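# Chains, contacts and geometry: an overview
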Amino acid sequence: MLIEALKSKLITPGDDIYKALCESLHGKKPGEKSVLVVSSKVVAVTQGRVKKITSKSEFERLVKAEADRVFGIKKESKASATVNPVTLTLKNGIFIPWAGVDRSNIQKGYAVLWPENPQETAEELLIKLKKKYKLKKAGVIISDSYCAPLRRGVTAVALACAGIKGVRELKGKKDLYGNKLTVSRQAVADMLASSAHLVMGESVEQTPFAIITDAPVEYESKKNSGSDLLMPSDECLFAPLYG
């Protein structure tokens, strides 16, 4: 599997995300069975999901307005490098700090929200890319950085995926010793998002896109509902912590 980060111009509100993605390829044609990974932030910026923040209280109100559920606030500790208290929230079925509201890689005094309907964006990009580059099988992932409990640093999570099966079901298959797997699944879209995130970077790289070739994924032509990546809360391993 090969992952290449794609340099782009500075993307601003009102830009066309599809045009920006194509320009970032610099004339290179994506090969058959390519997966394009797109940062959720640039999708949100092109949608105009940028808000001016003039105070801490205004930021907090915005987080509460964006969140589907607020779980609590983690205050700064002596052992932590955290600058501001972290508000843990649930947004679109995903645990995320501050409901996805982000003040990095945006002008001072502004914040970027999560994009509206990322699944729709992924589907639209996929259709246009397959048509332009005459691809039969391809995929698109909208990704964002993600923090796992009790783990330092960030990985990434797929907010949406199109053209590929985002979750691989292993239930019923056998392990090395012939034991049948009962609940195992692979979060394929999340793993690809994290892999791409490693080369896309977090700071001044200006590489909000990545192209993955030869990924071990299953391609599909049907539209993804967007909920395929999620699971019912009562089936979640962490349900005792928030149920």
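Worth saying up front: this structure is predicted, and the values here are computed from it rather than measured.

Among the surface-exposed residues, L237, F238 and L241 lie close enough to one another that they form a single nonpolar patch of about 410 Å² accessible area. If you trace the backbone, L237 turns up in the loop between β12 (209–213) and α6 (239–242). A relative accessible area of 78% means that L237 is categorised as exposed.

A few words now on helix α3 (residues 56–66). A turn of α-helix holds 3.6 residues, and therefore any two residues three or four places apart point the same way. Every buried residue of α3 is listed here: F59, L62, V63 and E66. With its buried residues spanning 100° around the axis, α3 presents them on a single face. In α3, the exposed positions that point more than 90 degrees away from the buried face belong to R61, K64 and A65. Against the buried residues of α3 lie β3 (50–52) and β5 (86–91).

For the coordinates displayed, the defined rule picks out eight salt bridges. Residue K28 pairs with E4 through a salt bridge whose shortest N-O separation is 2.6 Å. Placement of K28 in the loop between α1 (17–24) and β2 (34–39) and of E4 in strand β1 (residues 2–6) is noted, with a sequence separation of 24 residues between them. Judged by its relative accessible area of 37%, K28 is partly exposed. The exposure class of E4 is partly exposed, given its relative accessible area of 32%. Among the salt bridges present, the one from R49 reaches E116, with a minimum N-O distance of 3.3 Å.

What follows is about the packing of α1 against helix α4 (residues 118–133). Running from amino to carboxyl end, α1 crosses α4 at an angle of 45°, the nearest separation of the two axes being 11 Å. Classified by the angle their axes make, α1 and α4 are oblique. The two elements α1 and α4 cross, and the hand of that crossing is right-handed. For the pair α1 and α4, the contacting residues are I17, Y18, L21 and C22 in the first and L125, K128, L129, K132 and Y133 in the second. Among the residues making up the contact of α1 with α4, the classes are represented as seven nonpolar, no polar and two charged.

Our next topic: the sheet that holds β12. Pairing is mixed across the open sheet formed by five strands, whose spatial order is β1-β12-β2-β8-β9. What marks the edges here is a single partner per strand, and that holds for β1 and β9 (155–162). Neighbour-to-neighbour, the strand axes of this sheet turn through a mean angle of 25°, independent of strand direction. Across seven bridges, the pairing between strand β8 (residues 138–146) and β9 is antiparallel. Across the sheet, I141 pairs through a bridge with C161, a residue of β9. Along the sheet, α1 makes contact with β1, β2 and β12, crossing β12 at roughly 60°. Packed on one face of the sheet, α4 meets β2, β8 and β9 and runs near 145° to β8.

A word on the state of the cysteines. All told, the structure shown has zero disulfides when counted by the stated rule. In this structure C22 is a free cysteine whose sulfur lies 20 Å from that of C161, the closest cysteine sulfur available. A residue is classified by how much of its surface remains accessible, and C22, at 12% relative accessible area, is buried. Counting only cysteine sulfurs, C236 is the nearest neighbor of C147, a cysteine outside any disulfide, at a range of 16 Å. A relative accessible area of 41% places C147 in the partly exposed class.

About the thresholds
- Residues numbered from 1 in each chain as written.
- Predicted model: local features only at pLDDT ≥ 70, side-chain atom pairs only at ≥ 80, totals over all residues.
- Heavy atoms only, no water.
- Patch = residues over 30% accessible without salt bridge, like charges linked within 9 Å, V, L, I, M, F, W, Y side chains within 5 Å.
- Areas by Shrake-Rupley, 256 points an atom, 1.4 Å probe, with all protein chains shown as cover.
- Salt bridge = Lys/Arg side-chain N within 4 Å of Asp/Glu carboxyl O.
- Helix = DSSP H or I, 4+ residues; strand = E, 2+ residues; numbered from the N terminus.
- Buried < 20%, exposed > 50% of the residue type's maximum accessible area, 1.4 Å probe, protein only.
- Arc of directions from axis to C-beta.
- Contact = heavy atoms within 4.5 Å.
- Axes fitted to C-alpha atoms, helices over the stretch in contact; angles between N-to-C directions.
- Parallel < 35°, antiparallel > 145°, perpendicular 65-115°, else oblique.
- Left-handed = near helix turned anticlockwise from the far one by under 90°.
- Nonpolar A, V, L, I, M, F, W, Y, C, P; charged D, E, K, R; others polar.
- Pairing = 2+ DSSP bridges.
- Disulfide = S-S within 2.5 Å.

The values are spatial; any link to function lies outside them.
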